[in-house]
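Inside the fold
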Amino acid sequence: MGAPLDTRALRSALGAFPTGVCLVTTRGPDGRCEGVTINSFASVSLDPPMVLWSLACTAPSLARFSAAPRYAIHVLCAEDEAVSRHFARPAADKFAAFPERFADDDGLPLLTGAAATFVCRNTQRHPGGDHVVFLGEVERFELAEAMPLVFHRGRYGLVAHPA
C-alpha cells in the first residue's frame, strides 16, 4: 500500500467541490430538540423517495439522531449564514437563539423560510469511516423560491445564475 494521504491536503481538495448547506433537526424521545449544520446532503432515489446525509461519529448529537424516528432536512437560504454557523457549534439549546424561525410540526422543529424542507423517516444508518451515513425516506417536502447558501473552499458563498 502507498504512503498515507495528507488529510489536510485531502480536505482542501474536497473543498473544491461546492456544496449546499443544510440544517437537520429532530426531537428526541425526551422531548429535547436537536439540530446540526451539514453539507453532506444528496438525493438517493425517487421511488421510493430517499435522501442521505452524514454525521461525524464524534458528534454529540449522533445518539439523538440515530434514535429519532424522523428528522427534517432544511436547505438553507443565502441569508441563513448565521443560522448555519450557530448550529455548526455545540450549545445547550441551539434553538433559543432563533425562536422566531422555528415552528413545531407533528413533533419536529421546522425552520421557517428554508429554500426547501424534507421531512424524513429515519430508515437506515450505515458506518462510513469516521461518519455515520443516514438514509431517510421522504414523507413530505416543501419548496420555496429562494437562493441557497453554498459552501466552497472553507467559505460561504452564493449561487450565481447567468442572466
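Residues numbered from 1 in each chain as written. Predicted model: local features only at pLDDT ≥ 70, side-chain atom pairs only at ≥ 80, totals over all residues. Heavy atoms only, no water.

Focus: helix α1 (residues 7-14)
By the criterion of burial, α1 is predominantly exposed, with just 0 of the 8 residues buried. By the N-cap criterion, in which a side-chain oxygen at the helix start approaches the backbone nitrogen of a residue two or three places on, α1 is capped by Asp-6, the distance to Arg-8 being 3.0 Å. (Buried < 20%, exposed > 50% of the residue type's maximum accessible area, 1.4 Å probe, protein only. Helix = DSSP H or I, 4+ residues; strand = E, 2+ residues; numbered from the N terminus. Polar contact = N/O pair within 3.5 Å; in protein donor to acceptor, adjacent residues only side chain to side chain.)

Examining the sheet that holds strand β2 (residues 22-27)
Overall, antiparallel pairing links the 7 strands, which are arranged β3-β2-β6-β9-β10-β5-β4 in an open sheet. In this open sheet, the two strands that pair with only one neighbour each are β3 (33-38) and β4 (42-46). Adjacent strand axes in the sheet meet at a mean angle of 35° when their direction is disregarded. Across 7 bridges, strand β5 (residues 49-56) lies against strand β10 (residues 131-143) in antiparallel orientation. Following the sheet pairing, Leu-52 is matched in β10 by Leu-135. (Pairing = 2+ DSSP bridges. Axes fitted to C-alpha atoms, helices over the stretch in contact; angles between N-to-C directions.)

A look at the layout of surface pockets
Considering only enclosed or pocket space, the largest pocket measures out at about 1500 Å³ in volume. Every residue lining the largest pocket is counted, 43 residues in all, and those nearest its centre are Arg-11, Thr-37, Ile-38, Asn-39 and His-131. Put simply, the parts of the chain that give the lining of the largest pocket at least two residues each are α1, β3, β5, α3 (81-87), β10, β11 (149-152) and β12 (155-158). Among the elements that line the lining of the largest pocket, the one with the most residues is α1, at 6 residues. Residue composition of the lining of the largest pocket, grouped by class: 19 nonpolar, 14 polar and 10 charged. Roughly 150 Å³ of internal volume is contained in the second largest pocket. Taken together, Ala-103, Leu-110, Leu-111, Thr-112, Gly-113, Ala-114, Ala-115, Ala-116, Thr-117, Glu-142, Leu-143 and Ala-144 make up the full set of residues lining the second largest pocket. Residue assignment for the lining of the second largest pocket shows that the elements contributing at least two residues are β8 (108-111), β9 (116-128) and β10. For the lining of the second largest pocket, a count of residues per class yields 8 nonpolar, 3 polar and 1 charged. (1 Å grid on protein atoms, 1.4 Å probe; cavity = no way out; pocket = protein on both sides within 12 Å on 5 of 7 lines; lining within 4 Å. Points joined across faces, edges and corners; volume = space filled by probe spheres on them. Nonpolar A, V, L, I, M, F, W, Y, C, P; charged D, E, K, R; others polar.)

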